[in-house]
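Tertiary structure, described
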Amino acid sequence: MNYKNARISKAIYLIDDNEHPFAGWEFDNRGLALKDRTAYAQFDFTKVNPEFDTLLTRKFRKQTESVVTLEINFFIDCPDGFAVRLYDSEKKTAVALFTRHGRYELSDGTKTGIPVCDGKNSFKTVVDLKKRLYTVYVNNRDAGFHALPEEIHDLHFISIGIEKGFTGSLGARGVKMYADYFCNERFLAPFEGEIPCDWRVRSDGGTVGMKNSSGYTFSKEDTYYLDFESGKQTVLEKTLENAGGELCLELKFLEKSENFHVKFLLDDFGILAENGKLSFTEGTSICNYPREVWNTLRLEMTDCGVLVRVNGKDKGIFQIPHAEVFHALRIEAADNSHFSLDDILLFGLAPLPADYVEEPKPVKEKGYHVGLHVFSSWRYGFWRGRHDATWDVCSPYDEITPYMGYYDEGIPEVADWENKWFCEHGIDFQLQCWYGPTVIDEPIKFPGFSHALHDGYFNSVYKSYSKFAIMWENNFTNAITPEAFEKYLVPFFIEYYFKDPGYYKIDGKPVFSIYTIQTLAKPEYFGSVEQARKELDFLREAVKKAGMPDIILLCAGAGGSENGIKFREALGVEGTYAYNWGTESYTSEYQENMLSNAMDTFVKYAKSVVHVPTVGVGFNCVARHDARHPSISIPEYEKILTWTRDKYLTDKRQFPDQNAWQSKMVLLSCWNEFDEGHYINPSGLHGFGFLDTLRKVFCEAPEHTDKKPTENQKRRIDILYPQGHAWL
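Notes on the structure in this doc start here. Predicted model, so just to flag it, every value in this text is computed and none were measured. (Residues numbered from 1 in each chain as written. Predicted model: local features only at pLDDT ≥ 70, side-chain atom pairs only at ≥ 80, totals over all residues. Heavy atoms only, no water.)

1. Overview of unusual backbone geometry
Short version of the rule: Secondary structure elements follow DSSP: runs of H or I no shorter than four residues count as helices, runs of E no shorter than two count as strands, and numbering proceeds from the N terminus.
Cis geometry is adopted by the peptide bond preceding C670, which originates at S669 and carries an omega value of 5°. You will see that N242, though not glycine, has its phi angle at about 55°, which is positive. In this fold, N242 is placed in strand 20 (residues 233-244). Phi angles above zero are rare outside glycine, and D626 is one such case at about 55°. Its place among the elements puts D626 in the loop between helix 8 (622-625) and helix 9 (634-648).

Okay, structure coming up:
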């Protein structure tokens, strides 16, 4: 296969804290009252003792030549002494913002005159280490250009807090730091109705302003987007400084008007979105797009042409001429177009490194459907404020150290290691845990923990070698009405997932799972079994209208009772399974007993639903719960896999048709539940032992040599976690 058009990003994230600064931060709490020095005091604290600094401090990857941007929101009641500082590798201050007499000042002596807000405040600085200049924005007001101190040549540390000699309260939120983006506009500053002060608007009868809606997103902090009503014509523009070379432009937009005419431009080159159709502004047609969902548009402009990707799906490489250097990013809307806009990214691209992940070598399989549970929370800082599913709790244990290191989900190279390992060891699909907003009452912009799938897999080089399916973790969504399910959730599932060529289908039917099926009948959802069945039938019909024959509906939860089985059959569920088998599942005998009991129960009560076998590896939750339990050995793992293949799946009492998918499906627990202690991801536990055993049992493949990342390769994918940082 030809990968000459494949590229990697030149831009990186250095800190990506979704809510509170916790992961990787050190907190000096001596200024707090003794009763307040609790485990999570740093989220929101009051300093009462002025004798000490009370600071959150963090190391990040050292930067020497980058353009580094820091964005942070915070609540303060501290007219004097609050400070945010960036330091070099010797802890000398490079840039600082602090409060004096209720107003903001800078470390170079600048008195900005900008007052402290009563609610959230925001600070953004862009530091160009080559030019030795930085720009400051405070509460969405421009505080000017400034020169770096002469002795500063790098950036390596950050602190946030209330300094010695002062008291007050602080709640820091959403710390983001990234390098070498020409534009990374996620509208993080909390100033509804405004536009970011480094953008400009020209309008004939239109309005543009930030709008807050927590229903749009999983993140509690990234809840702003731009609401755009064009009137006759409106132009939103951001100046670019020599944005040249190979580039990627990505953004999200949602139509809100019947008539829609919007251009997304770099200077005069770009895309026209018009009433559900995309084309280049010079007239070349690209594709249609759905008008009822947030659309993700991505252009990769390289020497090979312009790759267009819409909602994760490649639409072609087009030979469209454009300038070598761009000076402005513009959104032009006309004819009373109304839409929402968010996540506008522009960054440089580079050819694949010589030591990029080697192209996968798929194995010949034996006709099984081997699925792998995947829980994608491994983007350091993005977990919602607590630490139980972060690299911090894994760091004391060698057996929970992945061969990829403490990697960053969302980097396509991480997904390519997984694509390679999956297809080389007989794993047919990853069953991704999918999290929606807590309340679904508006179109979904992005799901929770979506970096691995949306940013990583969809943009990976080798995605054609590996497939995915989703398990809706509906236990996270507190409420959804039938109308919202039909209007918002179903179209999103179909567009972003079921239509994707990488989605796992059996006989053309997408495999789809729901985590807690019982929830569908509750008042907060559909209210009854009958209405829940109607909604799932609606999903089936919508899938058929989209050109697919049906879905294969699975659900988690063993359903090992007569009532549980009848409930599932009433909803049309075709297969149910256990997500894992708990702390005792470290022997083949235990899992054989669990599966045999399930077999007997389903043979006795089931008419149309089967129990799909899950094979686990134990549940050594020492990282999350400080309770150590055994993990399964490789000989025992081979034993239970072989028993499942040769005994369980061949039992004609439950699987009379030995050619049907029901007699061929096996689910594995789990790829990456590191903190819970059930994972087969290559690591210090058994290396490639789990994967090689799967290859042996389910594939026709000779002996082979597994590839694991080198230190240089890991450096490209282990960025957010401060190397050397550990919990003791």
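From this point, the discussion proceeds with the structure in view.
2. Topic: the packing of aromatic side chains
Selection criterion: Geometry of aromatic contacts follows a simple scheme: Phe, Tyr and Trp rings, the Trp one being its six-membered ring, pair when their centres are within 6.5 Å, and the pair is stacked under 30 degrees between planes, edge-to-face over 60, tilted otherwise. Buried residues are those whose accessible area, probed at 1.4 Å on protein chains only, stays under 20% of the maximum for their type, while exposed residues exceed 50% and partly exposed ones sit between those limits. Note on criteria: charge over ring means Lys NZ or Arg CZ within 6 Å of the ring centre, with the direction from the centre no more than 35 degrees off the ring normal.
The full count for this structure, using the stated rule, is 64 aromatic pairs. Taken together, a centroid distance of 6.2 Å and an interplanar angle of 55° make the contact between Y356 and Y462 tilted. One end of the pair, Y356, is in the loop between strand 30 (338-351) and strand 31 (364-365); the other, Y462, is in the loop between helix 3 (451-456) and strand 34 (467-472), and 106 residues separate them in sequence. There is no split in this pair, since Y356 and Y462 are both buried. On the numbers, 5.1 Å between centres and 80° between planes, the contact of F468 with Y503 is edge-to-face. You can see F468 sitting in strand 34 and its partner Y503 sitting in the loop between helix 4 (482-498) and strand 35 (505-506), a full 35 residues away along the chain. Residue F468 is classed as buried on the basis of its relative accessible area, which comes to 0%. The ring of W294 has K445 lying over it, and the distance from NZ or CZ to the ring centre is 5.8 Å.

3. Some points on the layout of surface pockets
Cut-off, in case you're wondering: Lining residues are defined by having an atom within 4 Å of a point belonging to a cavity or pocket. Those points lie on a 1 Å grid over the protein atoms alone, cavities being sets where a 1.4 Å probe fits but cannot get out and pockets being open sets with protein on both sides within 12 Å along at least five of seven lines. Grid points are joined across faces, edges and corners, and a volume is the space filled by probe spheres set on the points. Charged residues are taken to be Asp, Glu, Lys and Arg, nonpolar residues to be Ala, Val, Leu, Ile, Met, Phe, Trp, Tyr, Cys and Pro, and polar residues to be all remaining types, Gly included.
Estimates place the volume of the second largest pocket at around 1,100 Å³. Counting residues per element, the ones that place at least two in the lining of the second largest pocket are strand 6 (67-77), strand 11 (120-128), strand 12 (133-138), strand 13 (141-147), strand 16 (181-185) and strand 20. No other element matches strand 20, which puts 6 residues into the lining of the second largest pocket. Class assignment for the residues of the lining of the second largest pocket results in 13 nonpolar, 8 polar and 13 charged.

4. Describing the environment of G276
Tracing the sequence through the fold places G276 in the loop between strand 23 (269-274) and strand 24 (277-280). Spatially, the C-alpha atoms of G276 and F260 are 8.2 Å apart, while their sequence positions differ by 16 residues.

5. Section: helix 2 (residues 412-423)
Residues separated by three or four positions in an α-helix point in the same direction, a consequence of the helix having 3.6 residues per turn. Put simply, the rule reads: Here, expected helix span is obtained from the residue count minus one, scaled by 1.5 Å. Contact criterion: two residues are considered in contact whenever any of their non-hydrogen atoms come within 4.5 Å of each other.
Taking 1.5 Å per residue as the helical rise, helix 2 with its 12 residues ought to reach 16 Å, and the 16 Å between its terminal C-alpha atoms agrees with that figure. Burial analysis of helix 2 places 11 of its 12 residues in the buried class, which makes it a mostly covered element. Of all the residues in helix 2, the buried ones are E413, V414, A415, D416, W417, E418, N419, K420, W421, F422 and C423. Taken together, the buried residues of helix 2 touch strand 32 (369-374), strand 33 (429-434), helix 3, helix 10 (689-698) and helix 11 (711-717).

6. A short note on the pattern of salt bridges
The condition that has to hold: Any carboxyl oxygen of Asp or Glu within 4 Å of a side-chain nitrogen of Lys or Arg constitutes a salt bridge here.
Enumeration over the complete set of coordinates arrives at 47 salt bridges. One salt bridge connects E399 with R628, and the closest N-O pair in it is separated by 2.8 Å. Taken together, the positions of E399 in the loop between helix 1 (391-394) and helix 2 and R628 in the loop between helix 8 and helix 9 put the pair 229 residues apart, joining distant regions of the chain. In this structure, a network of salt bridges that share partners links the residues E250, R298, E300, R309, D314 and K463.

7. Comments concerning empty space enclosed by the protein
For the coordinates displayed, the defined rule picks out 6 cavities of 30 Å³ or more. Approximately 170 Å³ is the volume attributed to the largest cavity. In terms of lining residues, the largest cavity is bounded by 18 residues, among which E71, S122, K124, N140 and A189 are the most central. Broken down by secondary-structure element, the contributors of at least two residues to the lining of the largest cavity are strand 6, strand 11 and strand 12. Looking at the lining of the largest cavity residue by residue, the classes come out as 10 nonpolar, 4 polar and 4 charged.

8. Quick look at the sheet that holds strand 8 (residues 93-100)
As a reminder of what qualifies: The pairing criterion is simple: DSSP has to find at least two bridges between the two strands. In this analysis, axes come from line fits to C-alpha atoms, helices being fitted only over the stretch in contact, and the angle between any two N-to-C directions falls in the range 0 to 180 degrees.
One open sheet accounts for 7 strands, arranged 3-5-14-7-8-9-10; its pairing is antiparallel. Edge positions in the sheet fall to strand 3 (25-27) and strand 10 (111-115), since each of these pairs with one other strand and no more. Averaged over all pairs of adjacent strands, the angle between their axes in this sheet comes to 15°, without regard to strand direction. Where strand 8 and strand 9 (residues 103-106) come together, 4 bridges link them in antiparallel fashion. The partner of R100 across the bridge, within strand 9, is R103.

9. Overview of the sheet that holds strand 20
What the 7 strands build is an open sheet, ordered 17-20-29-22-23-24-25; its pairing is antiparallel. The sheet terminates laterally at strand 17 (200-204) and strand 25 (285-288), the two strands that pair on one side only. Strand-to-strand twist of the sheet, defined as the mean angle between neighbouring strand axes without regard to direction, takes the value 15°. Judged from the 5 bridges that link them, strand 22 (residues 261-266) and strand 29 (residues 325-334) form a sheet pairing that is antiparallel. For F264, the partnering residue across the bridge sits in strand 29 and is I331.

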